[in-house]
Amino acid sequence: MTLYPNLILDALKNVKYPGNGKTLAENNMIEDDIRIDGNKVSFSLIFDKPTDPFIKSVVRAAEAAITTFVSPEVEIKGNISVKYRKPVAEQPENPLPGVKNIIGISSGKGGVGKSTVAANVAIALAAKGYKVGLLDADIFGPSMPKMFGVEDETLYMVNQEGRDWIEPVEKYGVKMLSIGFVVNKESAVLWRGGMASNALKQLITDAWWGDLDYFLIDMPPGTSDIHLTLVQTLPITGVVVVSTPQEVALADARKGIAMFESDKVNVPILGLVENMAWFTPAPHPDEKYYIFGNGGGARLAEKLGVKLLAQIPLVAEICEHVDEGNPTTTALVTDSMTGQDPVNPEALAFDELASAIVEACDRRNVSLPPTEKVNVH
């Protein structure tokens, strides 16, 4: 009879790997090296490791399948070689070795101003002289390119240590990356969880962040695969949770804090930020109107035993400035260059928040061991 490779492959469809019940083809265990010499057939099977307990039984099953479904005259016994996959290089324990502190900026729900807080804190830290990086990890709703006024920027590669890396965009003294730089800003990002997680990992591990004092991560709202990807990829120093005084927002913030403090994740909470704490009309700077409730963030912080880092007022200019790509705290950059003390009250609020985060990081680093990446399955 005439033998050809597809006959062999069809016969091997009847062989399943006992470890998971899938066929050899489904497990990518058949090497593309089938050789036929008359009635003699030889090829290789690939296993993950030499200690696989099913190697001998799978080889015997493959031999039996070929003599049964092709022909008993096929010379196959002893002609199946066994190979092993190359081990995947382990990801370094910390893919950002030059970063001193990795801080997540999180919120239990959207619409509480988390990204605005993240952008302004990053710039405030840079104005204080720290080396700062900012990762926009909100894959499905990236906003940092607009907030920094760099929506039309093009990403470039930079060669460091013998390989090419993505070079973060730098503005206001902050190195920043976002998926918003590589997707159409007018279109929705329609990715499954795995694709989003892989894209996020690439922004972390394939970018040249260099030496940083603080690496801020603007996390997506809620709890999701992205949060798990982050804590599994990076040893996060701690998390800052942003909420409004509104009870609905506080309830969601409580859930977010519970996730990070759970036994499986166990990432320290640096503190809580109560955003939009009150409204003060410009003509009446001494008046406060508690539109979303009064002191809810302070009560939640006390109840959960976390520090209230700041109460940020509701000021129209804060929103307008980020919409214009010129966050409120850029005034701090100008003040630091001229040697003046901050005079803009909104910028001063973020400046004080940045100082509170620095202090919270210092306390955390003195009282707790270095954070390790999380194993969550």
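Data block above holds the structure.
These remarks concern the structure in this document.

Analysis parameters
Starting from 1, residues in each chain are numbered consecutively following that chain's sequence as written. Per-residue local features of the predicted model are confined to residues with pLDDT of at least 70, and side-chain atom pairs are confined, for both listing and counting, to 80 or more; whole-chain, interface and lining totals are unaffected and use all residues. Side-chain figures throughout are based on the complete set of non-hydrogen atoms in the structure, without hydrogens or water. The secondary structure listing takes helices from DSSP runs of H or I that are at least 4 residues long and strands from runs of E that are at least 2 residues long, numbered from the N terminus. The definition of a polar contact used here is a pair of N or O atoms within 3.5 Å, where within protein one atom must be able to donate a hydrogen and the other to accept one, and adjacent residues in sequence count solely through side-chain atom pairs. Whether two residues are in contact is decided by their heavy atoms, any of which lying within 4.5 Å being enough. Strand pairing requires that DSSP identify at least two bridges connecting the strands. A carboxyl oxygen of Asp or Glu within 4 Å of a side-chain nitrogen of Lys or Arg is what we treat as a salt bridge. Only protein chains enter the area calculation, which uses a 1.4 Å probe; residues under 20% of their type maximum are buried, those over 50% are exposed, and those in between are partly exposed. Centres within 6.5 Å are what make two rings of Phe, Tyr or Trp a pair, Trp counting through its six-membered ring; a difference in plane orientation under 30 degrees is then read as stacked, over 60 as edge-to-face, and the rest as tilted. Here, a charge over a ring means that NZ of Lys or CZ of Arg falls within 6 Å of the ring centre while also lying within 35 degrees of the ring normal. Here an angle of 0 to 180 degrees is reported between the N-to-C directions of two axes, which are lines fitted to C-alpha atoms, with helices fitted over the stretch in contact. Between 65 and 115 degrees an angle is taken as roughly perpendicular, under 35 as roughly parallel, over 145 as roughly antiparallel, and anywhere else as oblique. In this scheme the handedness of a crossing depends on how the near helix is turned from the far one: anticlockwise by less than a right angle means left-handed, clockwise means right-handed. Residues were grouped as follows: Ala, Val, Leu, Ile, Met, Phe, Trp, Tyr, Cys and Pro as nonpolar; Asp, Glu, Lys and Arg as charged; and all remaining residues, including Gly, as polar.

**Considering the side chain of Ser178**
Part 1: Here Ser178 lies in strand S9 (residues 174-178).
Part 2: Of note is the side chain of Ser178, whose polar atom sits 3.0 Å from the side chain of Asp136.
Part 3: A distance of 2.9 Å separates a polar side-chain atom of Ser178 from the backbone nitrogen of Gly180.
Part 4: Setting aside its immediate chain neighbours within four residues, Ser178 contacts Asp136, Pro142, Pro145 and Leu203.

**Overview of the pairing of strand S6 (residues 156-160)**
Part 1: Two elements, S6 and strand S7 (residues 163-167), share five bridges in a ladder whose sense is antiparallel. By the bridge assignment, Met157 is partnered in S7 with Ile166.
Part 2: Counted along the chain from S6 to the antiparallel partner S7, the turn is two residues long, and its residue Glu161 has a positive phi close to 55°.

**What to know about the pattern of salt bridges**
Part 1: With the rule as written, the count across this model stands at 11 salt bridges.
Part 2: For Lys13, the salt bridge is made with Asp10, and the minimal N-O distance between the two is 3.4 Å.
Part 3: Here Lys13 falls in the exposed class, since its relative accessible area comes to 56%.
Part 4: Through salt bridges with shared partners, a single ionic network connects Glu31, Asp33, Arg35 and Lys83.

**What about the packing of aromatic side chains?**
Part 1: According to the stated counting rule, one finds six aromatic pairs in the structure shown.
Part 2: When the centroid spacing of 5.9 Å and the interplanar angle of 40° are considered together, the rings of Phe148 and Tyr172 count as tilted. Taken together, the residues span a long stretch of sequence, with Phe148 in the loop between helix H4 (144-147) and S6 and Tyr172 in the loop between strand S8 (169-171) and S9 at a distance of 24 residues.
Part 3: The buried category is assigned to Phe148, whose relative accessible area is 0%.
Part 4: If you follow Arg163 out to its NZ or CZ, it ends over the ring of Trp165, 3.8 Å from the centre.

**Concerning the packing of helix H7 (residues 247-261) against helix H8 (residues 296-304)**
Part 1: At a minimum axis separation of 10 Å, H7 and H8 run at an interaxial angle of 30°. Between H7 and H8, the interaxial angle falls into the category roughly parallel. The hand of the H7/H8 crossing is right-handed. Of H8, the residues touching H7 (which contributes Glu247, Leu250, Ala253, Arg254 and Ile257) are Gly296, Gly297, Arg299, Leu300 and Leu304.

**Structural notes on the side chain of Asp33**
Part 1: Within the secondary structure, Asp33 sits in the loop between helix H1 (5-12) and strand S1 (35-37).
Part 2: Since its relative accessible area comes to 17%, Asp33 is described here as buried.
Part 3: A polar contact is formed between the side chain of Asp33 and the side chain of Ser44, at a distance of 2.7 Å.
Part 4: Ignoring any residue separated from it by four or fewer positions in sequence, one finds Asp33 in contact with Ser42, Phe43, Ser44 and Lys83.

**Considering the packing of H1 against helix H2 (residues 55-69)**
Part 1: Following both chains from N to C, one finds H1 and H2 inclined at 115°, their axes separated by 8 Å at the closest point. Crossing hand, H1 versus H2: right-handed. Residues Ile8, Ala11 and Leu12 of H1 pack against Ala62, Ala65, Ile66 and Phe69 of H2.
Part 2: Here the contact of H1 with H2 is composed, by residue class, of seven nonpolar, no polar and no charged.

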